[in-house]
Amino acid sequence: MSSIESVLTENRSFPPPVAFARDARVKSLIDYEALYERAAREPEAFWGEVACDLHWSTPWKQILEGAFPETADSEGVRWFVGGTLNASLSCVDRHAHSWRKNKAAIIFEGEPGDTTVITYGQLHREVCKAANALTSLGIKAGDFVAIYMPMVPEAAIAMLACARIGAPHTIVFGGFSADALADRIADCSAKAVITADGGWRRGQVVPLKHNVDKALEGVTSVEHVIVLQRCSNEVAWTKRDVWWHEVVETASAKHEAQAFDSEHPLFSLYTSGTTGKPKGILHTTGGYLTNAAYTTKMVFDLRDDDVFWCTADIGWVTGHSYVVYGPLANGATVLMYEGAPNAPRSDEFGGSGDGQDRFWDIIERWGVTVFYTAPTAIRAFMKWGDQYPAKHDLSSLRLLGSVGEPINPEAWMWYRKQIGGDRCPIVDTWWQTETGAIMISPLPGAIPTKPGSATRPLPGIDVDVVTREGVPVGPNQGGFLVIKRPWPSMLRTIYGDHARYVSTYFGEIPGMYFAGDGARKDADGYFWIMGRVDDVINVAGHRLSTMEVESALVSHPKVAEAAVVGRPDELKGQAIVAFVTPRAGMVADDALARELRAHVATQIGALARPEEIRFAEALPKTRSGKIMRRLLREVASGSTARGDTTTLEDQGVLERLAQSFAHDD
Ligand code: PRX
């Protein structure tokens, strides 16, 4: 039996690393359980205590009001009612006005190898300037601002400046196409867009401003486009455009932040659901920031001397909570890297080699202590080979994290040994755009880990695995993952579609938040996430709806019908397979397949491009005319050997769960 198989069959748990436990905030399983019990007994008092870590301008009158909504006209929950705060005061000012004034807030490394270090004092000045610039352009509290930027410090500055003036931001990942950007800008009627002339990705310039220009052709709400000069890329110019360096650099560095209601919207972030239209997940200030700050402190056991590197792009929720809001609320030093994991530094900045050691090079040079990335990346590093991390001194690392998809035990073991030197605990963190912050994760040092399990819920979070009727299932039985009690950073609505919010999350299983994931809980109370049970697929940690890709395909004039499914993929977790029926008279050949893949990239972005297109004269349907996705999933999976990204046993349970959930199967 191979070592991986023995890990799987024995369900082996790793004892907490002793050295880590000695200094950790929560030192043992007993301490964790005591904290969990206390939070469960008095949840409101617990969250009140947690929220005290933020800077409140007016104290709240009531911690929690309301409950999970049951009908479309019920508003739902309100946290820290009557309290007022400004997120940027908690993340910036209070540190800039303390001993942390000269502490690094952001260490930035661009893909070419250029670097900048911004202290809290400097960050404060930059955020104030950007806030004044936005105000001078007429942006007011409540106006949405879209951000479509590379991973550069100005992206974080833009977010914090929006928060400072109460203008909710909506960040669109730079990999989304102009069409996808247009949909998101239009949905929230953004008044301004902040972008850049371009961003570096694998030595190429991503034409961000060009995409904004295309996106705005059909959008009327946008009055200003603020453009950061990053790549000296030539861009077209219209009268609504202003350069960042002209409006921000010249603005005053003095800005008095006004406090907003705890429930004032902080941001919306679009994510895929089961329909073709992405959902604008709305988060509000007090509750979101409370959980972002709390989880960063607890899960990463953050210290003032840490250098915290979360590799996610700010276009995803992980970038919101663990590149910007969570670490900065804790006064931490964050590392931001602009480019691809396999891009070498340019010659100008001393680059050498093929770049496949770029991450390890960054960790060594900057002394990163906490590293948080996605299983897809870990699997790619494994494939590239042990020699790349081995070339570097990674001894500064003390903790590793994983997020976004189930991590297969083989990748977990590799990560622990090759990156963590068998010394660093791994926190496998389960959460979602909707939850705002980590919900299930080991507390490092306190909770013994099992490779592939996100372990136990955080104190204050009540999760379970239940049947469709909401009845808890027994140990190791598959069921639906739910959250049973409101938590501060839960989404408050789907922007512009409260009815969809209520039915999607609270209408499926009575009285509970339905996460959309299948899971099982083992006899030790450890959670094992099995994947989505709805029509959402997770490709390289990116969440996509099969229907979104189908709508993109059928918008092509040569396509009559399309069905999209995910199949297990050794590297990406899942890969997109599209079954397409061409319109009569169309030739189904490689050229058409290429055309359709390119079409999806234009409609959504390269991340949604199907791995495989299979032409079919007709799609299998039930007697009532519904496409039989389960059958297609089997066909799509049958053609490739399954990787060990999910165990066969889990896959079987998942298929059955998906059948019981999906109404159209
Ligand atoms: O299926 C789960 C998976 O990612 C989904 C949430 O995706 P998104 O909103 O894009 O947020 C990703 C980053 C938080 C979940 O419904 N997922 C996330 N973390 C894990 C995971 N699956 C297994 N293990 C995880 N640690």
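The paragraphs below set out a description of the structure included in this document.

Rules and cut-offs
Residues numbered from 1 in each chain as written. Predicted model: local features only at pLDDT ≥ 70, side-chain atom pairs only at ≥ 80, totals over all residues. Heavy atoms only, no water. Near = heavy atom within 4 Å. Polar contact = N/O pair within 3.5 Å; in protein donor to acceptor, adjacent residues only side chain to side chain. Areas by Shrake-Rupley, 256 points an atom, 1.4 Å probe, with all protein chains shown as cover. Helix = DSSP H or I, 4+ residues; strand = E, 2+ residues; numbered from the N terminus. Pairing = 2+ DSSP bridges. Axes fitted to C-alpha atoms, helices over the stretch in contact; angles between N-to-C directions. Contact = heavy atoms within 4.5 Å. Buried < 20%, exposed > 50% of the residue type's maximum accessible area, 1.4 Å probe, protein only.

### Brief notes about the site of the ligand
For step 1, the next point in the chain: Around the ligand, the surrounding shell holds 16 residues, and the nearest of these are Asp-428, Thr-429, Thr-433, Asp-517 and Arg-543.
For step 2, the next point in the chain: Here Asp-428 contributes a side-chain N or O atom positioned 2.8 Å from a nitrogen atom of the ligand.
For step 3, the next point in the chain: At a separation of 2.7 Å, an oxygen atom of the ligand approaches a polar side-chain atom of Arg-543.
For step 4, the next point in the chain: Contact with the protein chains hides 95% of the accessible area of the ligand, taken as 540 Å² for the molecule alone.
For step 5, the next point in the chain: Elements represented by at least two residues in the shell around the ligand include exactly β21 (426-429) and β26 (527-532).

### Brief notes about the sheet that holds strand β6 (residues 115-119)
For step 1, the next point in the chain: If you walk across this open sheet you meet the 7 strands as β6-β5-β18-β17-β19-β20-β21, and the pairing is mixed. Lying at the two open borders of the sheet, with one neighbouring strand each, are β6 and β21. For this sheet, the mean inter-axis angle between neighbouring strands, taken without regard to orientation, is 20°.
For step 2, the next point in the chain: The sheet contact formed by strand β20 (residues 399-403) and β21 spans 4 bridges and is parallel. What sits directly across from Val-403, in β21, is Thr-429.
For step 3, the next point in the chain: Across the sheet, helix α6 (residues 120-136) is in contact with β5 (104-109) and β6; its angle to β6 comes to roughly 90°.

### Digging into the pairing of strand β16 (residues 279-284)
Sheet faces and side chains relate simply in a regular strand, where the side chains alternate between the two faces.
For step 1, the next point in the chain: β16 sits mainly inside the fold: 6 of its 6 residues count as buried.
For step 2, the next point in the chain: Burial along β16 is two-sided: Lys-279, Ile-281 and His-283 facing one way and Gly-280, Leu-282 and Thr-284 facing the other are all buried.
For step 3, the next point in the chain: Note: strand β15 (residues 265-271) against β16, 6 bridges, orientation antiparallel. Looking across to β16, one finds that Ser-268 is bridged to Leu-282.
For step 4, the next point in the chain: Pairing of β16 with strand β24 (residues 493-494), which is carried by 2 bridges, proceeds in the antiparallel orientation.

### So, the side chain of Glu-434
For step 1, the next point in the chain: The residue Glu-434 is located in the loop between β21 and β22 (463-466) in this model.
For step 2, the next point in the chain: Setting aside anything within four residues of it in sequence, one finds Glu-434 in contact with Thr-271, Lys-279, Ile-281, His-283, Trp-487, Ser-489, Met-490, Leu-491, Tyr-505, Tyr-513 and Arg-543.

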